[in-house]
Amino acid sequence: MTFINYAAREINCKIVYYGPGLGGKTTNVQYVYERTRAEAKGKLISLATETDRTLFFDFLPIELGTIRGFRTRFHLYTVPGQVFYDASRKLILKGVDGVVFVADSQEMRMDANIESVNNLRLNLGDNGYDIDSVPYALQLNKRDLPTAVPVERLVKALRVRDEPVFEAVATQGTGVFDTLKSIVKLVLTDLRKR
């Protein structure tokens, strides 16, 4: 649910990075944050726990052009990877405008990826969204590892519709901005339809 601040003439959009624990969600957002001009970003907020790197969210507004005279500001959030934090995941999805699913390409993480996609579907539904209609992108992270599953197999197991798919190595920045640009474009296209 896009928030419009008429006084500031801003349209605020929320993008959530979702996926299994330690799959690269936080790394994506941190990479974007570190390479965004200081005047174009807000404060990055990260909360770590003993069992996961992010308990609630990373927050990052990015200004990108205008729509009907309003500046667009994107807020990037990550969810905790472990299903143990399901209530937090559900809460963070509230008001979402777009989702990036960050899959861990390692063979040993396939079950966690599938569990996380199913959890995303349920949590979106609980918030009144349909995974088949919300702006959505799939990122296949950790493509540099020797245990990485072939792309075709990952896509077959994890793709939920015809969403764009990106190969990534978030620690090196490979695919990070391509994924972000894609989800931003999908969110803006969806916004113009309303």
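Residues numbered from 1 in each chain as written. Predicted model: local features only at pLDDT ≥ 70, side-chain atom pairs only at ≥ 80, totals over all residues. Heavy atoms only, no water.

1. Side note on the pairing of strand E2 (residues 10–18)
Then comes step 1: Burial analysis of E2 places nine of its nine residues in the buried class, which makes it a mostly covered element.
Then comes step 2: On E2, burial covers both faces: Glu10, Asn12, Lys14, Val16 and Tyr18 on one face and Ile11, Cys13, Ile15 and Tyr17 on the other are all buried.
Then comes step 3: By the bridge criterion, three bridges tie strand E1 (residues 3–5) to E2 in an arrangement that is antiparallel. If you follow Ile4 over to E2, its bridge partner there is Ile11.
Then comes step 4: In textbook terms, the turn of a hairpin is the stretch between consecutive antiparallel strands, and for E1 and E2 this stretch comprises four residues, one of which, Arg9, has a positive phi near 55°.
Then comes step 5: The pairing of E2 with strand E4 (residues 70–78) spans eight bridges and is classified as parallel. Paired with Ile15 across the bridge in E4 is Leu76.
Then comes step 6: By the bridge criterion, four bridges tie E2 to strand E5 (residues 98–104) in an arrangement that is parallel. Counted as the bridge partner of Tyr17 is Val100 from E5. (Buried < 20%, exposed > 50% of the residue type's maximum accessible area, 1.4 Å probe, protein only. Helix = DSSP H or I, 4+ residues; strand = E, 2+ residues; numbered from the N terminus. Pairing = 2+ DSSP bridges.)

2. Some details on the environment of Glu115
Then comes step 1: Take Glu115: it is sitting in helix H3 (residues 110–126).
Then comes step 2: With a relative accessible area of 45%, Glu115 lands in the partly exposed category.

3. Some details on the packing of helix H2 (residues 86–93) against H3
Geometrically, a packed helix pair is captured by the angle between its two axes and the distance between the axes.
Then comes step 1: The contact between H2 and H3 brings their axes to 9 Å, and the two run at 55°. When the axis of H2 is compared with that of H3, the two are oblique. In the crossing of H2 with H3, the sense of the turn from one axis to the other is right-handed. Seen from H2, the contacting residues are Asp86, Arg89, Lys90 and Leu93; seen from H3, they are Ser116, Asn119, Leu120, Asn123, Leu124 and Asp126.
Then comes step 2: Of the residues assigned to the contact of H2 with H3, the class counts are three nonpolar, three polar and four charged. (Axes fitted to C-alpha atoms, helices over the stretch in contact; angles between N-to-C directions. Parallel < 35°, antiparallel > 145°, perpendicular 65-115°, else oblique. Left-handed = near helix turned anticlockwise from the far one by under 90°. Contact = heavy atoms within 4.5 Å. Nonpolar A, V, L, I, M, F, W, Y, C, P; charged D, E, K, R; others polar.)

4. Details of the pattern of salt bridges
Then comes step 1: Taken as a whole and assessed by the stated rule, the structure comprises eight salt bridges.
Then comes step 2: Across the pair Arg71 and Glu10 runs a salt bridge whose closest N-O atoms are separated by 2.8 Å. Of this pair, Arg71 sits in strand E4 while Glu10 sits in strand E2, and the two are 61 residues apart along the sequence.
Then comes step 3: Relative accessible area serves as the criterion here: at 33%, Arg71 is assigned to the partly exposed category.
Then comes step 4: Note that Asp126 and Lys90 form a salt bridge whose closest N and O atoms lie 3.0 Å from each other. Here the residue Asp126 occupies a position in helix H3, and Lys90 occupies one in helix H2, the gap between them amounting to 36 residues.
Then comes step 5: Its relative accessible area of 29% is what places Lys90 among the partly exposed residues.
Then comes step 6: When salt bridges with common partners are traced through the structure, they connect Glu10, Arg71 and Arg73 into a single cluster. (Salt bridge = Lys/Arg side-chain N within 4 Å of Asp/Glu carboxyl O.)

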